[in-house]
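# Chains, contacts and geometry: an overview
Next come the chains, spelled out residue by residue.
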Amino acid sequence: MSDYILVLDEGTTSTRAMLFASDGVLVASAQQELTQHYPQAGWVEHDASEIWDKTLACAHEAIAKAGGAAMIAAIGITNQRETVVAWDKQTGEPLTRAIVWQDRRTQPFCAQLREAGHEEQVQAATGLLLDPYFSGTKMRWMLDNVASVQAANTAGTLAFGTVESWLVFKLTGGQTHITDASNASRTLLLDLEGAQFDPDLCAMFGVPQEALPRVTDMSGALAVTRPELFGREIAITGLAGDQQAATIGQACLSPGETKATYGTGAFVLTNQGGDVPRSHNRLLGTVLTQIDGARSYAIEGSVFVAGSLVQWLRDSLGIVAAASETETLARSIPDSGGVTIVPALSGLGAPHWNADARAVITGLSFASGKAQIARAALEAMAHQTHDLANAFAADGTAWESVRIDGGMAANDWMAQDLADILGMGVERPDCVETTALGAAMLAAAGAGLYPDLASAAQEMRGQLTRFEPAMDGAVRAARLAAWEKALGAV
Ligand code: ADP
């Protein structure tokens, strides 16, 4: 029986192909690094041809390891969100380098739209803020600045898409130009209540609708690969942006269920059910799932600096040789000795949204050493997440527990500290590849291996480790007070 799911996990720094069995067990994988292009300060670009070539190479490698494509029931794709690819529909070739989500070049255009008083309207419709992070202004920049994009637009052959859209186009030999609703909801061009891209928003951002993909479900018969790629046609039955995929991979399928991913930054999403999120605390509203045309939504909060703080301790300060040493150091002392770090190394994200903020370390004394700094760095994760918990609660979405993943979630001390400071249970799956697993769940349900997504999640999700809050109330209160005071110094 063919019951493997091939997941193409298209990250910012690497592309991976992973084969999951229908019970969620990882059977084989392959990975290649992606070249990061930094043509100017604040600009980040990818070569879309490299993304496609490496995706295909990884897929072939993973398939070979697992003994051939005959076992594959379906393909799921999950991707770095917001990154924009522009290509020619006729040649199938990229017209320019992809502009990556981190790229800040459209800041002036965002400021212009904000000054013109559009932010409230945009936020109400899209759930997003006027920030260069999202795709719409990146498309506009290409139209304004890249001759090949302008020429293709005039000729009517211009195609825009996020990375999953580009890969589907290539996998189908140019037959299918689609984007799934979760990726579409990161463009600033989708009204959260609209089925397709919104004509008024497209006009505001100056993006021609003819160049945009059709918005589709995230699970189901979405597209079919060209037979020559893998020796036979394979159905593409799952598509999702990476954070939505991780939320699904953590089985957060009921309202209130929350996942937090601690990688370079931290991304927290809470399932909102069928209610369109309306944040009053500068959190984002986004599509979580769309299946058979019916949507569920999530509230999202992003923290800019999480694991990158540990990297900074390692690479810039040399306090640790490896990230995992922070755990040993944190355990070697009873507390941080009054040291508190607000890790605003690249500004503060949600719920503060202070791009100009810079980091502070408070409470230093002659007794402060490596261990105190490392411990305070890990403690900052719980503090930042606690701020988000308050913002989510103020928006009417209080958490009961949090499911964590990402590279930093391997740190047991941090996981326990998170439970202690949040005052709630923290759960960590044994398989931390939740993003790829979420895409596999969507694809498995979409291919009919399970009757619905909930059953796929139930069967494919692995074992959990649970951390329960155990901190003394006075200690916790002192920690929170010290954090508030340090925030005031930012
Ligand atoms: P991304 O997907 O954003 O590239 P990952 O999910 O791979 O990130 O997580 C890597 C990050 O986690 C790095 O910034 C690293 O410093 C941090 N990290 C990894 N292991 C640990 C650990 N045991 N303790 C603390 N931080 C860790």
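Up top is the structure these notes are about.
Residues numbered from 1 in each chain as written. Predicted model: local features only at pLDDT ≥ 70, side-chain atom pairs only at ≥ 80, totals over all residues. Heavy atoms only, no water.

Within the structure, the ligand sits among 13 residues, and Thr264, Gly307, Gly407, Met408 and Asn411 are positioned closest to it. Glycine 407 places a polar main-chain atom, nitrogen or oxygen, 2.8 Å from an oxygen atom of the ligand. A distance of 3.0 Å separates a nitrogen atom of the ligand from a polar atom in the side chain of asparagine 411. When the ligand sits alone it has 580 Å² of accessible area, and the protein chains cover 67% of it. The element contributing the most residues to the shell around the ligand is helix 11 (residues 307–315), with four residues. For the shell around the ligand, the per-class residue count stands at three nonpolar, ten polar and no charged. (Near = heavy atom within 4 Å. Polar contact = N/O pair within 3.5 Å; in protein donor to acceptor, adjacent residues only side chain to side chain. Areas by Shrake-Rupley, 256 points an atom, 1.4 Å probe, with all protein chains shown as cover. Helix = DSSP H or I, 4+ residues; strand = E, 2+ residues; numbered from the N terminus. Nonpolar A, V, L, I, M, F, W, Y, C, P; charged D, E, K, R; others polar.)

All right, on to the pattern of salt bridges then. The final tally for this structure, using the stated rule, is 26 salt bridges. The partner of glutamate 300 in a salt bridge is arginine 186, and the shortest N-O contact between them spans 3.1 Å. One end of the pair, glutamate 300, is in strand 16 (residues 294–303); the other, arginine 186, is in the loop between helix 7 (181–184) and helix 8 (199–205), with 114 residues separating them in the sequence. Residue glutamate 300 is classed as buried on the basis of its relative accessible area of 0%. Taking relative accessible area as the criterion, arginine 186 reaches 0% and is therefore assigned buried. Among the charged side chains, a salt-bridge network with shared partners connects Arg81, Glu82, Arg186, Asp242 and Glu300. (Salt bridge = Lys/Arg side-chain N within 4 Å of Asp/Glu carboxyl O. Buried < 20%, exposed > 50% of the residue type's maximum accessible area, 1.4 Å probe, protein only.)

All right, on to the packing of aromatic side chains then. Under the counting rule described, the total for this entry stands at eight aromatic pairs. Between tryptophan 43 and tryptophan 141, the aromatic rings sit 5.3 Å apart at their centres with planes inclined by 80 degrees, giving edge-to-face as the arrangement. One end of the pair, tryptophan 43, is in the loop between strand 3 (26–33) and strand 4 (45–46); the other, tryptophan 141, is in helix 4 (residues 135–145), with 98 residues separating them in the sequence. The buried category is assigned to tryptophan 43, whose relative accessible area is 17%. When the ring of tryptophan 87 is compared with that of phenylalanine 169, the centres are 5.2 Å apart and the planes differ by 55 degrees; the resulting orientation is tilted. Of this pair, tryptophan 87 sits in strand 6 (residues 85–88) while phenylalanine 169 is found in helix 6 (residues 163–171), placing the two residues 82 residues apart along the sequence. Each member of the pair, tryptophan 87 as well as phenylalanine 169, carries the same accessibility label: buried. An aromatic cluster is present here, built from Trp87, Trp166 and Phe169 joined pairwise through their rings. Taking NZ or CZ as reference, arginine 105 lies 3.7 Å from the ring centre of tryptophan 43, over its face. Directly above the aromatic system of tryptophan 141 lies the positively charged group of arginine 105, at a separation of 4.4 Å from the ring centroid. (Phe/Tyr/Trp six-rings, centres within 6.5 Å; stacked < 30°, edge-to-face > 60°. Lys NZ or Arg CZ within 6 Å of the ring centre and 35° of its normal.)

Inspection of the secondary structure assignment puts serine 22 in the loop between strand 2 (14–20) and strand 3. On a C-alpha basis, the gap between serine 22 and alanine 440 in space is 8.4 Å, while along the polypeptide they are 418 residues apart.

So, on to helix 11. Every buried residue belonging to helix 11 is among Gly307, Ser308, Leu309, Val310 and Leu313, and all of these are buried. Packed against the buried residues of helix 11 are helix 12 (325–331), strand 17 (340–342) and helix 13 (370–394). (Contact = heavy atoms within 4.5 Å.)

Turning our attention to the sheet that holds strand 16. Ordered by their spatial adjacency, seven strands build an open sheet running 15-16-14-13-19-20-21, and the pairing between neighbours is mixed. Strands with a single pairing partner mark the edges of an open sheet, and in this sheet they are strand 15 (284–291) and strand 21 (464–467). Pairs of neighbouring strands in the sheet enclose a mean axial angle of 30 degrees, with direction left out of account. Two elements, strand 14 (residues 266–273) and strand 16, share seven bridges in a ladder whose sense is antiparallel. Note on strand 16: the bridge partner recorded for threonine 270 is isoleucine 299. (Pairing = 2+ DSSP bridges. Axes fitted to C-alpha atoms, helices over the stretch in contact; angles between N-to-C directions.)

With that settled, the discussion passes to the nonpolar core. The biggest cluster of nonpolar side chains holds 49 residues, and the ones touching the most others in it are Tyr262, Leu388, Trp399, Ile404, Met408 and Leu418. The element best represented in this core is helix 13, accounting for 13 residues. Not counting the four nearest positions on each side in its chain, methionine 408 is found in contact with Tyr262, Ala306, Gly307, Val310, Leu378, Met381 and Met414. One finds Ala184, Leu192, Cys202 and Val207 within the second-largest nonpolar core, a separate group that totals 41 residues. (Core = buried A, V, L, I, M, F, W, Y, C linked by side-chain atoms within 4.5 Å.)

When helix 16 (residues 453–460) is considered as a whole, its buried residues turn out to be Leu453, Ala456, Ala457 and Met460. Axial view of helix 16: buried residues confined to an arc of 95 degrees, hence all on one face. Against helix 10 (242–249), strand 15 and helix 15 (434–446) lie the buried residues of helix 16. (Arc of directions from axis to C-beta.)

Here we take up the environment of asparagine 79. With respect to the helices and strands, the residue asparagine 79 is situated in strand 5 (residues 72–79). A residue is classified by how much of its surface remains accessible, and asparagine 79, at 0% relative accessible area, is buried. It is 9.0 Å that separates the C-alpha atoms of asparagine 79 and threonine 435, two residues lying 356 residues apart in sequence. With residues up to four places along the chain from it excluded, the contact list for asparagine 79 reads Glu10, Thr162, Val163, Glu164, Asn183, Ala240, Gly241 and Asp242. Here glutamate 164 takes part through its side chain, which lies 3.3 Å from a polar atom of the side chain of asparagine 79.

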